[in-house]
Amino acid sequence: MPNFYGLYILFAREVWRFLKVSIQTILTPVITVLLYLLIFSSVISSSREMLPGVNYLTFLVPGLMVMAMLQNAFANSSSSLFQARMNGNVIFILLAPISDFEFYLAFVGAAVARGLLVGIGVWLASCYFAVVPLSHPLFALLLVFFCCGSLGALGLVSAIIADKWDHISAFQNFVIVPFSFLSGVFFSISDLPTFWQRASHFNPFFYLVDGFRFTCLGVSEVSVLTSICVGAVFFVLSSFWALCLLRRGYNLRS
Amino acid sequence: MDAVSIDGLSKDYGSLKALSEVSLTIAEGAFFALLGPNGAGKSTLINILAGLTRATSGRAAVLGCDVRRQWRKARHQLGVVPQELAYDPFFTVREMLTLQSGYFGLGKENRPWLNELIVALDLEDKIDTTMNHLSGGMKRRVLVAQALVHRPPVVILDEPTAGVDVALRAQLWSFIRGLNAKGHTIILTTHYLEEAESMCEKIAILDRGRLVALAPKDELLSRYSWRQLRLQLMPESTVVLPDVLEAKRQAAPQGELLLRLHREHDHIGEVLAALEQTGVKFSDLRIHEPGLTEVYTEVTEANNHA
Ligand SMILES: Nc1ncnc2c1ncn2[C@@H]1O[C@H](COP(=O)(O)OP(=O)(O)OP(=O)(O)O)[C@@H](O)[C@H]1O
Ligand SMILES: [Mg+2]
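Quick notes on the rules
- Residues numbered from 1 in each chain as written.
- Chains lettered and ligands numbered in written order.
- Predicted model: local features only at pLDDT ≥ 70, side-chain atom pairs only at ≥ 80, totals over all residues.
- Heavy atoms only, no water.
- Near = heavy atom within 4 Å.
- Polar contact = N/O pair within 3.5 Å; in protein donor to acceptor, adjacent residues only side chain to side chain.
- Areas by Shrake-Rupley, 256 points an atom, 1.4 Å probe, with all protein chains shown as cover.
- Helix = DSSP H or I, 4+ residues; strand = E, 2+ residues; numbered from the N terminus.
- Nonpolar A, V, L, I, M, F, W, Y, C, P; charged D, E, K, R; others polar.
- Pairing = 2+ DSSP bridges.
- Axes fitted to C-alpha atoms, helices over the stretch in contact; angles between N-to-C directions.
- Contact = heavy atoms within 4.5 Å.
- Buried < 20%, exposed > 50% of the residue type's maximum accessible area, 1.4 Å probe, protein only.
- Left-handed = near helix turned anticlockwise from the far one by under 90°.

A. Fine view of the site of ligand 1. All names here are of chain B. Around ligand 1, the surrounding shell holds 14 residues, and the nearest of these are Asn38, Lys42, Ser43, Thr44 and Gln83. A distance of 2.8 Å is found between an oxygen atom of ligand 1 and a backbone nitrogen or oxygen belonging to Gly39. In this structure, Ser43 approaches ligand 1 through a side-chain N or O atom, which is 2.7 Å from an oxygen atom. Bound to the protein, ligand 1 loses 65% of the 640 Å² it would expose on its own. Among the secondary structure elements, those contributing two or more residues to the shell around ligand 1 are strand E2 (16-27) and helix H1 (42-50). Among the elements that take part in the shell around ligand 1, H1 stands out by supplying three residues, more than any other. Its residues placed into classes, the shell around ligand 1 shows five nonpolar, seven polar and two charged.

Pasting the structure below:
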């Protein structure tokens, strides 16, 4: 018998946790994005056309939304679980009749919730600079889900593997940040030298950004279906990794 | 049915055998003490029962539910107070208890019980305090409450009184005794042997991963066959003992004579008569019956030589 109520309470606990510190978990990332917009809007001429019929600021907003969502989804599950491991209070969850899969669902669910809230916050704030429409809301939701879900799962993975906070921030600073900067948030990858253009096609974040940009603006560099497929595969793989670690009890049930 | 049954349980950490081939059963309703020196494997055993650690080999079950195969049921039956003072700094006492009860699938209907726990453990003043603002003893009490949110029939307390002051210790013990009286099986570890001796009916002693004793308390105590006779000597008394008694003599402070006597073979009356004959004069006499401390020391030392 699955423990639905236990799953719901664990999910609620995770959401409650980040809402208790919402200045840091919601407001700060929104303000960071606002600063990007402020800087880029004053440095780069907004009349510059990035994709057919899309000026720079409008081009920028969907990418920044995805970047903020994925970074925050990762931060949520990784910091919550790692802190619980370091404090020792993770045992209260491990003692309860909650399965590995329920554990995974609750943490990844909360990561998606935080990503979603940050995404909405960024969109609202960006309206001051450019009102970006949502042309394909269903595709958008699907991509946001894959994006936050994958990063939530990777957050779990890093929180399980890490032995100190250093390891978490290393993963954040040497993997998540570079991959999101190189995913075509700030530029169109067709402006890149051929090598980097090819390399970008191996970066899953590129598909998330490009696909999400399509669901907003209706234009993209690769087909949105490709992006959704890549997103789905990325989500399945990262979830599989997280679930394997949970099943083995790696670093949790020694 | 047994509250806990453990069969050939081993746990290796690399080359270290934290537990080797431990088998024991604990009857339902028992008040059971698990004793042993630091690093004996007590917490390891408890963690295996709780599903926090996985055994290398062997089986463990709580009320007949295997802790690996029927883990969900086993966890419902078990409440564990961990040895480490773990707490969640984000939440208040009430929030913690509500969450913990939720993890076990219990919602609003469990409120009255949570309130009862809060009163019983004297936490009313602290329910809206976040955990990191509580003192160590208070955190310990919250841990006890958390372990009991789902009314588990089997309760394991891993050193519940470590770092707890005298008054709170007495209070905790009377609370735990109350639980036992209501039918909960109690299993505890402690390094205060007098506590175990005065409370528990059955005792297991672990040492370096091996079960070195498992018996009802009285039987264990009677197994130790020595007692001490301590005499307060008169100032003028000189002590020259015949060889038979000299062999039983133990080191004692100035002005005292200490003899280690066998419970069955040495008759106190005969010993005193023999002393009288050699001219030993004493003003006072005390007999020290062995307690758990002596048994414990003997058993664990025997294991060290084994
Ligand atoms: N996660 C772990 N990794 C490696 N060794 C461990 C681990 N946990 C426990 N041990 C080792 O297993 C042995 C048993 O430890 P355990 O915590 O069960 O002892 P204990 O009887 O509870 O001691 P104490 O009275 O100090 O609490 C010790 O030698 C300990 O160092
Ligand atoms: Mg211990």
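B. Here's a closer look at the sheet that holds strand E6 (residues 78-81) of chain B. Residue and element names in this part refer to chain B. A sheet is described by the order of its strands in space; here six strands give the open sequence E6-E7-E8-E3-E9-E10, paired in mixed fashion. Strands at the two margins of the open sheet, each flanked by one partner only, are E6 and strand E10 (210-216). Across the sheet, the mean angle from the axis of one strand to that of its neighbour is 15°, orientation sign disregarded. Here helix H6 (residues 166-181) sits on the sheet in contact with strand E3 (31-35), strand E7 (154-158) and strand E8 (185-189), set at roughly 145° to E8.

C. Seen up close, the pairing of strand E1 (residues 2-13) of chain B. Residues and elements named next belong to chain B. When E1 meets E2, the two strands line up antiparallel, connected through eight bridges. Within E2, the residue paired with Tyr13 across the bridge is Leu16. Hairpin remark: E1 followed by E2, antiparallel, with two residues in the connecting loop; positive phi at Gly14, about 60°. Inspection of the sheet shows E1 paired to strand E4 (residues 57-62) by five bridges, in the antiparallel sense. Directly across from Ser10, in E4, lies its bridge partner Ser57.

D. Structural context of the pairing of strand E11 (residues 226-233) of chain B. Residue and element names in this part refer to chain B. Alternating residues of E11 divide into Arg227, Leu229, Leu231 and Leu233, all buried, and Trp226, Gln228, Arg230 and Gln232, none buried. Sheet topology places E11 next to strand E14 (residues 282-288); six bridges connect them, and they run antiparallel. Its bridge partner lying in E14, Gln232 is registered against Asp284.

E. Representation of the packing of helix H1 (residues 4-20) of chain A against helix H5 (residues 100-126) of chain A. Residue and element names in this part refer to chain A. Where H1 meets H5, the axes come as close as 8 Å, and the angle between the chain directions of the two elements is 35°. The two elements H1 and H5 meet at a crossing, and its hand is right-handed. Taken together, the residues of H5 that come into contact with H1 (itself represented by Leu7, Leu10, Phe11, Glu14, Val15, Arg17, Phe18 and Leu19) are Glu102, Phe103, Leu105, Ala106, Phe107, Gly109, Ala110, Ala113, Arg114 and Leu117. Among the residues forming the contact of H1 with H5, the class breakdown is 13 nonpolar, one polar and four charged.

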